[in-house]
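Take a look at the letters that make up each chain.
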Amino acid sequence: VQLVESGGGLVQPGGSLRLSCAASGFTFSSYYMSWYRQAPGKERELVAHITSGGGITNYLDSVKGRFTISRENAKNTVYLQMNSLKPEDTAVYYCNSVVSRRDYWGQGTQVTVSS
């Protein structure tokens, strides 16, 4: 199993970024996918979650209405569209899946929201 994130960067408050996570090594379309984030000095937290078919999504309260998780099963890719970014969204963002009862993580992508 391999998860590779991309799309992070430096953005001004109010800006947007789209993160991507390319998955391989498992039957992507059969598994839930999640995005987590970890800010300096804080615990890792679940940001968004999407079911295998994409029909159900869930979000951290603080990102509801601003972030959208989606997936393209044909491309083995999950996305996180982040709009109206705030300084408190600054963190390393990780892609995650639980495959055969084991947690798999990407290497993370840094998102920095600052003027």
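A quick note: this is a predicted structure, and the numbers were derived from the prediction, not measured. Here the residue index of a chain counts from 1 through its sequence in written order. Since the coordinates come from a predicted model, pLDDT governs what is reported: local features require at least 70, and pairs of side-chain atoms require 80 or more to be given and counted, while whole-chain, interface and lining totals use all residues. Derived side-chain values reflect all non-hydrogen atoms in the structure, with water molecules and hydrogen atoms excluded from consideration.

*Asks:* Would you mind going over the nonpolar core with me for this structure?
*Replies:* Put simply, buried Ala, Val, Leu, Ile, Met, Phe, Trp, Tyr and Cys residues joined by side-chain atoms within 4.5 Å make one nonpolar core. The rule is simple: take the accessible area with a 1.4 Å probe, protein chains only, and divide by the maximum for that residue type; under 20% is buried, over 50% is exposed, in between is partly exposed. Judged by nonpolar contacts, the single largest core of 28 residues is most densely connected at M33, W35, V78, L80, M82 and Y93. For the purposes of this entry, the term helix denotes a DSSP run of H or I that reaches at least four residues, the term strand denotes a run of E that reaches at least two, and both are numbered from the N terminus. When contributions to this core are tallied by element, the ones reaching two or more residues are β3 (17-24), β4 (33-38), β5 (45-50), β7 (67-72), β8 (77-82), β9 (91-99) and β11 (109-113). Those residues within four positions of M82 in sequence are excluded, and the remaining contacts are G15, S16, L17, L19, R66, F67, Y93 and V111. A contact between two residues is defined here by any heavy atoms of the two lying within 4.5 Å.

*Asks:* Could you clarify how one ought to interpret the sheet that holds β8 in this entry?
*Replies:* The pairing of strands in a sheet comes from backbone hydrogen bonds and takes either a parallel or an antiparallel form. Only strands that DSSP links by at least two bridges are regarded as paired with each other. The antiparallel open sheet is built from four strands, whose spatial order is β1-β3-β8-β7. Each end of this open sheet is capped by a strand with a single partner; those strands are β1 (2-6) and β7. Averaged over all pairs of adjacent strands, the angle between strand axes in this sheet comes to 15°, irrespective of strand direction. Each axis is a line fitted through C-alpha atoms, and for a helix only the stretch in contact is used; angles between axes span 0 to 180 degrees, taken between their N-to-C directions.

*Asks:* Which parts of the structure should I look at to understand the packing of aromatic side chains?
*Replies:* Working definition: an aromatic ring pair is given by the centre-to-centre distance plus the angle between the planes. When two rings of Phe, Tyr or Trp (its six-membered ring) have centres within 6.5 Å they constitute a pair, described as stacked for plane angles under 30 degrees, edge-to-face for angles over 60, and tilted for the intermediate range. Under the criterion given, the structure shown has four aromatic pairs. Seen in terms of ring centroids, Y94 and W105 are 6.3 Å apart; in terms of plane orientation they differ by 90°. Their pairing is edge-to-face. Within this pair, whereas Y94 is found in strand β9, its partner W105 is found in strand β10 (residues 102-105), the two being separated by eleven residues in sequence. Owing to a relative accessible area of 33%, W105 belongs among the partly exposed residues under this scheme.

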